[in-house]
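Residue-level structure breakdown
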Amino acid sequence: VNAEASQITLEKLYIPVVESKAEIIEGEPEEKAEKLASILVKGGLV
Amino acid sequence: LIDDYKPKLVMLGQTAQGVDLAPALAVEKKLPFVADVVGLEVEDGVLKATRQLYSGKVNAQIAFKPADTYLVTIREAAFEAPEPAAAGTIEKLDSPLKEDLDYRKFVEYIEAEVGDVDITQSEILVGIGRGLKEDKNLPIAEELAEVIKADLCGSRAACDAGWLPSDRQVGTSGKTVKPKLYLCMGISGAFQHVAGIKGAKTIVAINKDPNAPIFAEADYAIIDDLHKVVPKLTEKLKELKG
């Protein structure tokens, strides 16, 4: 590969920060499941 | 136009036409070219483009070497549309192209086949992705879907793996859906998939990778192993719904 001839240069690779507005449900797996189930039912989503 | 106006930057959409035209244009006019750009900035007089790799998990920043004109294709919806800073004028130019291209022609539109379920009309969708790991785990999602009366759909990875038929695929190479609830598990949220769920009213994402791009779209997020959480969720929902 003739790198000198390339018209572009890869400057850096990075892991992008995920900007989330989500409500993060915390706890042990069972707690998380319970909280989400409650949100879904009380919110009339299911 | 490039010869006549010598623009500093030529931007084409990362569309079927843009993808077709831009590489040939770059070769023909010897332009520095970066495809599928999601960010552009000028730093110390050097134009730099950002593009995504590995389904959005890694970003690459690419610098252009100095040139009179740069060429990029821009990913759909990657930039906000601010108010224009300066008033431009529209100049109408006649196309020099002739209509008698004989190497290809439009033949017909073919409507996509609709399977047993039309997921574009579903009120509640349970989406599965590569994180489900194997088809023997499909009942985890099926049982949840049954309890909340949802239809199953999936990412391209799930459909390519044969876990779901292709008419259940959501995303740019599948369907665009607009359910009131989209509950997805093991889906990283590659832009191709996310493009298909923009119309969902509420998005719940379950994924063990805290950096999964799906969380940028979600209203509710559980960062955990779906195999531990989803069976419990199904149980709890069964109890609550009686």
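Remember, predicted model here, so these are calculated numbers, not experimental data.

This paragraph deals with a nonpolar patch on the surface. Residues and elements named next belong to chain B. Taken together, Leu 1, Tyr 5 and Leu 93 make up a surface patch of nonpolar side chains, about 340 Å² in accessible area. Mapped onto the fold, Leu 93 is located in the loop between β5 (70-74) and β6 (124-128). What makes Leu 93 partly exposed here is its relative accessible area of 47%.

Turning to the confidence of the model for chain B, a few remarks are in order. As a note on interpretation, predicted positions should not be read in detail where pLDDT is low. The predicted model of chain B averages 93 in pLDDT, with 100% of residues at 70 or higher. Model confidence for the complex is summarised by a pTM of 0.78, with the ipTM given as 0.81.

Right, let's talk about the packing of helix α1 (residues 29-42) of chain A against helix α6 (residues 226-241) of chain B for a bit. Put simply, α1 of chain A and α6 of chain B touch, their axes get as near as 8 Å, and they point 45° apart. For the element pair α1 of chain A / α6 of chain B, the angle class is oblique. The two elements α1 of chain A and α6 of chain B meet at a crossing, and its hand is right-handed. Between α1 of chain A, through Pro 29, Glu 30, Ala 33, Glu 34, Leu 36, Ala 37, Ser 38, Leu 40 and Val 41 of chain A, and α6 of chain B, the contact on the second element is made entirely by Lys 228, Val 229, Lys 232, Leu 233, Lys 236, Leu 237, Leu 240 and Lys 241 of chain B.

Counted according to the given criterion, the structure contains two aromatic pairs over all chains. Their ring planes at 55° and their centres at 5.0 Å tell us that Phe 64 of chain B and Tyr 70 of chain B sit as a pair that is tilted. The positively charged end of Lys 12 of chain A is found above the aromatic ring belonging to Tyr 14 of chain A, 5.2 Å away from the centroid. Here the guanidinium or amino end of Arg 75 of chain B rests over the ring plane of Phe 191 of chain B, the centre of that ring lying 3.2 Å away.

Moving on: helix α2 (residues 16-29) of chain B. Residues and elements named next belong to chain B. In a regular helix each residue adds 1.5 Å, so 14 residues correspond to 20 Å; α2 covers 20 Å between its end C-alpha atoms and thus fits that length. Looking at α2, one finds that the buried residues are Gly 18, Ala 22 and Ala 26. One or two residues past the end of α2 sits Lys 30, with phi positive at roughly 55°.

Below, the discussion takes up the sheet that holds strand β3 (residues 46-53) of chain B. Reading across from one edge, β1(A)-β4(B)-β3(B)-β2(B)-β5(B)-β1(B) is the order of the six strands in this open sheet, with mixed pairing throughout. Two strands lie at the open edges of the sheet, namely β1 (8-14) of chain A together with β1 (9-13) of chain B, each paired on one side alone. Between one strand and the next, the sheet's axes are offset by a mean angle of 35°, whatever the strand orientation.

A few words now on the pattern of salt bridges. Scanning all chains against the criterion turns up eleven salt bridges over all chains. Between Glu 11 of chain A and Lys 48 of chain B there is a salt bridge whose closest N-O contact spans 2.8 Å. Remark: Lys 48 of chain B occurs in strand β3 and Glu 11 of chain A occurs in strand β1; the pair is interchain, linking two chains. When its relative accessible area of 41% is taken as the criterion, Glu 11 of chain A is described as partly exposed. Of the residues examined, Lys 48 of chain B reaches a relative accessible area of 8% and is grouped as buried. A salt bridge links Arg 168 of chain B to Asp 116 of chain B, with the nearest nitrogen and oxygen atoms 3.4 Å apart. Within this pair, whereas Arg 168 of chain B is found in the loop between α4 (156-160) and β8 (181-185), its partner Asp 116 of chain B is found in the loop between β5 and β6, the two being separated by 52 residues in sequence. Residues participating in the shared-partner salt-bridge network are Glu 11 of chain A together with Glu 43 and Lys 48 of chain B.

What counts, and where the lines are drawn
Residues numbered from 1 in each chain as written. Chains lettered and ligands numbered in written order. Predicted model: local features only at pLDDT ≥ 70, side-chain atom pairs only at ≥ 80, totals over all residues. Heavy atoms only, no water. Patch = residues over 30% accessible without salt bridge, like charges linked within 9 Å, V, L, I, M, F, W, Y side chains within 5 Å. Areas by Shrake-Rupley, 256 points an atom, 1.4 Å probe, with all protein chains shown as cover. Salt bridge = Lys/Arg side-chain N within 4 Å of Asp/Glu carboxyl O. Helix = DSSP H or I, 4+ residues; strand = E, 2+ residues; numbered from the N terminus. Buried < 20%, exposed > 50% of the residue type's maximum accessible area, 1.4 Å probe, protein only. pLDDT = per-residue confidence, 0-100. Axes fitted to C-alpha atoms, helices over the stretch in contact; angles between N-to-C directions. Parallel < 35°, antiparallel > 145°, perpendicular 65-115°, else oblique. Left-handed = near helix turned anticlockwise from the far one by under 90°. Contact = heavy atoms within 4.5 Å. Phe/Tyr/Trp six-rings, centres within 6.5 Å; stacked < 30°, edge-to-face > 60°. Lys NZ or Arg CZ within 6 Å of the ring centre and 35° of its normal. Expected span 1.5 Å × (residues − 1). Pairing = 2+ DSSP bridges.

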